[in-house]
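Each chain, written out:
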Amino acid sequence: MTASGTGLGAEAGARAARSWALAVLRVRGRALGVALLPAAVEVVLLTGGATGRLTGPGWDTARWAVGVPAALVLLAATGIALVVARARPAVSPTVPVAEKSAPDLYRLVRDLADRLDVPAPSAIALTPDCDSWLEDRTHPAHGPPPRPAHDEVPGPGGPGPDGRRRPATAPVLVIGSPFLWWMRVGELRAVLAPVVAGTGPSAHPDIAAARRFVRGLDAAVAVASTPGRCPLTRAVCAALGWVARLMLRGCREQAALMERGVAAAAAERAQTVDYGLRIVAQEQVGLAYAGWDRLLTKVALPAWRMGRWPSRLDAGVVAALTELSRRDRLAEGFASRLGERPACDLLEEPGVVDEAASLLAARLFHGGPAENGPDWAPVDWQAYPEEVVDRTWRAHAARLHRVLDSLGVRPAAGTPDRGGPTLARVMDHLMDAAPAGADATADGHLAAPAGPSAAPATGDDETGGDTDTDGGTDADADADIDPGTGRGALLAAGLTAELAREEAAAPKGATAAGLFPDTSLWDDGALPLFPLQPPRTGRDLLADHVTAMVCCAAVDTAGAAPALDWLDGPSLLLDGERAADLGPKVLHLIEEGDPGPLRDWLSATGIRPEKPVRLV
């Protein structure tokens, strides 16, 4: 594409965005006209009475009939306008990056803005996600804007305190933190080019005003939806919310088309910057997203559930994707990029930034506290196997035996320690192949566990076995929860109830304001904002707990070791090799009540199921 073609395309996109911005502002104008219409009629009636043209009892009654509603409508419109103008718009949770802590990154972004001939972003922030965008934080509730440089060109921001026209504050550039660690400097510049190019259309007064109007309406809806108010206030807020939603519906399509035009104009303008490299960089975006999602669900989530938060998640993305390139031939060649300069070198202290982004990720995806404590502490990757994997296995094993005790299950016959927790006890209990729902057992009876009903638990308890399944609908919920045997079903129900009790007793996540200045701008009570996984079924919980029991027995009786697999999370090492074939054998025991394949595997690996294991 030629430079002239690119310029024409960008100009066409900007014109389309401005036309749709005017359409959004027309919705605001129509709402203002509706609010002023009764007052205008009253002005006509009063003027007619003053000039002697509209006199008589009928016109006097009309003036009163119109004047009172007009005053009420004006009062309501003024109140709604004040709420829309002053309500605090939503702000994405981010880690702010000061210029002194990343001068090279700021220099790269400013050079990119100069090449694109657009205003440079006012600040840079990081988000623990694989995405980048511009965010307007010029609302007074977001704090004072940064002081403009002395050489900035005055923009459409309006007059300043000295009477001169002040420059408009550019939006903040939000960058996904995984990009900085996985991408090279050139790739990051290519990915950020269309994002930074969006500051050009954003500076247009009509587009900026339309965005402020839409954000104000959205914030007004949030204000109206706040619970815990008195009945009178709830009635007023209900009316406010109805009006704000009505105007949002009226301009929703126009606002979407305006943003589409802004994106098209930015993309066209960015075509002139590293076009060939952008194609390669987009491939890295998809790869980084896959690695980040895998790292969060398989590696970080088990640690968060154990009260530990990995403090180097972004560095873990590099390790996970490097491992992927080693296993998958389709990913060959990606590891060779590691010899180039990574984008995280643009930061003065990458480790500090990584730690802050990792803690923010724990808050967003798990709802963890904002500050460290005895039950919420950072963990590095070297200590992950002992601090997370081993503790997770033993916590699951202890929960499993507590449920067995509540069910009255006796210790396995032939064990040297009849009172100790053994794997043989679990296997002997699940060996019964009675149909699901059967009440009788070898002990004569099995009492249902006390506590909440057996519903799918909300935890994703990673124990080393890959037993993920998707939850079904209400119609087949019983089939999803049922592990396959009568004893297994009751044991799964007991585990579900026990886990529900533990989660109900645990303190909820976010509390005090912590490391980030931005935390005052978003609602801690809504954490976690993005839960990682759906509820787990009873079969999944039982498989996780039995697998954890097997892993504890392997560590205590066969010299095995807990380990971290970058793609699959907690894993078991036997003679230095990962035990990848354990999951199917555990599922066969749970679903079929047949311990044969698992016993053969235990015998071949030297694991002794009759020996007690350490639970804590």
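Residues numbered from 1 in each chain as written. Predicted model: local features only at pLDDT ≥ 70, side-chain atom pairs only at ≥ 80, totals over all residues. Heavy atoms only, no water.

### Things to note about unusual backbone geometry
The phi angle of most residues is negative, glycine excepted, and most peptide bonds adopt the trans form. We note that Asp117 has phi near 60°; this positive angle belongs to a residue other than glycine. Considering the arrangement of structural elements, one finds Asp117 in the loop between helix H3 (103–116) and strand E2 (123–127). Of the residues examined, Asp117 reaches a relative accessible area of 66% and is grouped as exposed. Unlike most non-glycine residues, Asp575 shows phi in positive territory, near 55°. By the element assignment, Asp575 lies in the loop between strand E8 (569–574) and strand E9 (577–578). Judged by relative accessible area, which is 81%, Asp575 ranks as exposed. (Helix = DSSP H or I, 4+ residues; strand = E, 2+ residues; numbered from the N terminus. Buried < 20%, exposed > 50% of the residue type's maximum accessible area, 1.4 Å probe, protein only.)

### A short note on helix H17 (residues 582–592)
Turning to H17, its buried residues number three or more, namely Leu582, Gly583, Val586, Leu587, Leu589 and Ile590. Seen end-on, H17 carries its buried residues on one side only, within an arc spanning 160°. If you follow the buried residues of H17, they end up packed against helix H13 (423–430), helix H16 (538–558) and helix H18 (596–605). Looking one or two residues past H17, Gly593 carries a phi angle of roughly 70°, positive in sign. (Arc of directions from axis to C-beta. Contact = heavy atoms within 4.5 Å.)

### Let's talk about the sheet that holds E8
The 3 strands are arranged E7-E8-E9 in an open sheet whose pairing can be described as antiparallel. With one partner strand each, in any of the chains shown, strand E7 (561–565) and E9 form the two edges of the open sheet. Note: E8 against E9, 2 bridges, orientation antiparallel. Within E9, the residue paired with Leu573 across the bridge is Arg578. Relative to E8, helix H9 (residues 275–305) is tilted by about 90°, and along the sheet it contacts E7 and E8. (Pairing = 2+ DSSP bridges. Axes fitted to C-alpha atoms, helices over the stretch in contact; angles between N-to-C directions.)

### Thoughts on the environment of Gly276
Structurally, Gly276 can be placed in helix H9. Overall, Gly276 belongs to the partly exposed group, its relative accessible area being 48%. Distance in space between the C-alpha atoms of Gly276 and Ala190 is 9.0 Å, their sequence separation being 86 residues.

### Quick look at the packing of aromatic side chains
Tallied over the entire structure, the rule returns 2 aromatic pairs. For the pair Trp381 and Tyr384, a centre-to-centre distance of 5.9 Å together with 45° between the ring planes defines the contact as tilted. For Tyr384, a relative accessible area of 0% translates into the label buried. With centroids separated by 4.9 Å and ring planes inclined at 75°, the aromatic side chains of Trp381 and Trp566 adopt a geometry described as edge-to-face. (Phe/Tyr/Trp six-rings, centres within 6.5 Å; stacked < 30°, edge-to-face > 60°.)

### Let's talk about the sheet that holds strand E4 (residues 172–176)
In any sheet, the strands associate via hydrogen bonds between backbone groups, in a parallel or an antiparallel arrangement. Ordered by their spatial adjacency, 4 strands build an open sheet running E1-E2-E4-E3, and the pairing between neighbours is mixed. The sheet terminates laterally at strand E1 (95–97) and strand E3 (133–135), the two strands that pair on one side only. Adjacent strand axes in the sheet meet at a mean angle of 35°, parallel and antiparallel pairs treated alike. Here 3 bridges tie E3 to E4, and the two strands are oriented antiparallel to one another.

### Looking at helix H5 (residues 185–196)
The terminal C-alpha atoms of H5 lie 15 Å apart, and with 12 residues this matches the ideal 16 Å at 1.5 Å per residue to within 8%. H5 sits mainly inside the fold: 10 of its 12 residues count as buried. Within H5, the full set of buried residues consists of Val185, Gly186, Glu187, Leu188, Ala190, Val191, Leu192, Ala193, Val195 and Val196. (Expected span 1.5 Å × (residues − 1).)

### Concerning the packing of H16 against H17
Remark: H16 packs on H17, axes separated minimally by 10 Å, with the N-to-C direction vectors making an angle of 120°. By the angle between their directions, the pair H16 and H17 is classed as oblique. Between H16 and H17 the crossing geometry is right-handed. Across the interface between the two elements, Arg539, Leu542, Ala543, Val546, Thr547, Val550 and Cys551 from H16 touch Leu582, Val586, Leu587, Leu589, Ile590 and Glu591 from H17. Residues that form the contact of H16 with H17 fall into these classes: 10 nonpolar, 1 polar and 2 charged. (Parallel < 35°, antiparallel > 145°, perpendicular 65-115°, else oblique. Left-handed = near helix turned anticlockwise from the far one by under 90°. Nonpolar A, V, L, I, M, F, W, Y, C, P; charged D, E, K, R; others polar.)

### Overview of the packing of helix H12 (residues 384–406) against H16
Between H12 and H16, whose axes approach to 8 Å, the crossing angle comes to 115°. You can see that H12 and H16 cross each other, and the crossing is left-handed. The segment H12 lies against H16, with Asp390, Trp393, Arg394, His396, Ala397, Arg399, Leu400 and His401 engaging Asp544, His545, Val546, Ala548, Met549, Cys551, Cys552, Val555 and Asp556. Grouping the constituent residues of the contact of H12 with H16 by class yields 9 nonpolar, 3 polar and 5 charged.

### A short note on the confidence of the model for the chain
Residue-level pLDDT values for the chain average 80, and 77% of them are 70 or greater. Low pLDDT (under 50) marks residues 145–167, which in the prediction has 27 contacts with non-local residues, meaning those over four places away or in another chain. Considering only residues more than four positions removed or in separate chains, one finds that residues 433–481, a stretch of pLDDT under 50, has 107 contacts. (pLDDT = per-residue confidence, 0-100.)

### Quick look at the nonpolar core
Of all hydrophobic cores here, the largest spans 108 residues; its most connected members are Leu188, Val196, Trp304, Leu313, Leu572 and Trp601. Counting residues per element, this core draws most heavily on H9, at 12 residues. Setting aside anything within four residues of it in sequence, one finds Leu313 in contact with Trp292, Leu295, Leu296, Ala300, Trp304, Asp354, Ser358, Ala361 and Trp381. Grouped together as the second largest cluster of nonpolar side chains are 24 residues, Ala21, Ile80, Ile207 and Ala210 included. (Core = buried A, V, L, I, M, F, W, Y, C linked by side-chain atoms within 4.5 Å.)

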